[in-house]
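Architecture and fold: a report
The lines below spell out each chain.
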Amino acid sequence: MSTKTAEGVAGVEFDPGAPYRCSPQVSLRPEPFGALVYHFGTRKLSFLKTLPLVEVVKGLESRPDVHSAIVAAGVEEAQRPAYLKALAGLAASGTIEPR
């Protein structure tokens, strides 16, 4: 049985220095405000509330780590802690996962 923690899935701590990807069980539907996120495994519907966050999530697959995906999406340095917190939440929910 898998357990989820605030740090990540199955007790694994979110590490922004590691490579991540959008889970293959997740579908992103672009919207003017960001994106709708549907997880086919959990049947959970959630939202990415900003376009830059959508760009970060999409960019995870092609970047060596979370930090570089944030930089590539043009997120200002002052906003990066908030994005890391949001991404940790996405990892905890299984929306993104280590690759």
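Please refer to the structure higher up on the page.
All figures in this text were calculated on a predicted structure; none of them were measured in a lab.

A few words on the layout of surface pockets. There is about 230 Å³ of room inside the largest pocket. Considering the residues around the largest pocket, the lining is formed by 15 residues, among which Phe47, Leu48, Leu53, Ala86 and Leu90 are closest to the centre. A class-by-class count of the residues in the lining of the largest pocket yields seven nonpolar, six polar and two charged.

Of note in this structure, Arg43 is not a glycine but carries a positive phi near 60°. Its location among the elements puts Arg43 in the loop between β3 (34–39) and β4 (44–48).

For the rest of this paragraph, the subject is the pairing of β4. Sheet topology note: the β3/β4 ladder contains five bridges and is antiparallel. Counted as the bridge partner of Tyr38 is Leu45 from β4. The antiparallel pairing of β3 with β4 creates a hairpin that spans four residues between the two strands, and Arg43 there sits at a positive phi of about 60°.

Our focus in this paragraph is the environment of Val57. Locating Val57 in the fold gives a position in helix α1 (residues 51–59). Through-space distance from the C-alpha of Val57 to that of Ala69 is 7.8 Å; in sequence the pair is twelve residues apart. Sequence-distant contacts of Val57, defined by excluding residues within four places in its chain, comprise Cys22, Leu28, Leu48, Leu87, Leu90 and Ile96.

About the criteria used
Residues numbered from 1 in each chain as written. Predicted model: local features only at pLDDT ≥ 70, side-chain atom pairs only at ≥ 80, totals over all residues. Heavy atoms only, no water. 1 Å grid on protein atoms, 1.4 Å probe; cavity = no way out; pocket = protein on both sides within 12 Å on 5 of 7 lines; lining within 4 Å. Points joined across faces, edges and corners; volume = space filled by probe spheres on them. Nonpolar A, V, L, I, M, F, W, Y, C, P; charged D, E, K, R; others polar. Helix = DSSP H or I, 4+ residues; strand = E, 2+ residues; numbered from the N terminus. Pairing = 2+ DSSP bridges. Contact = heavy atoms within 4.5 Å.

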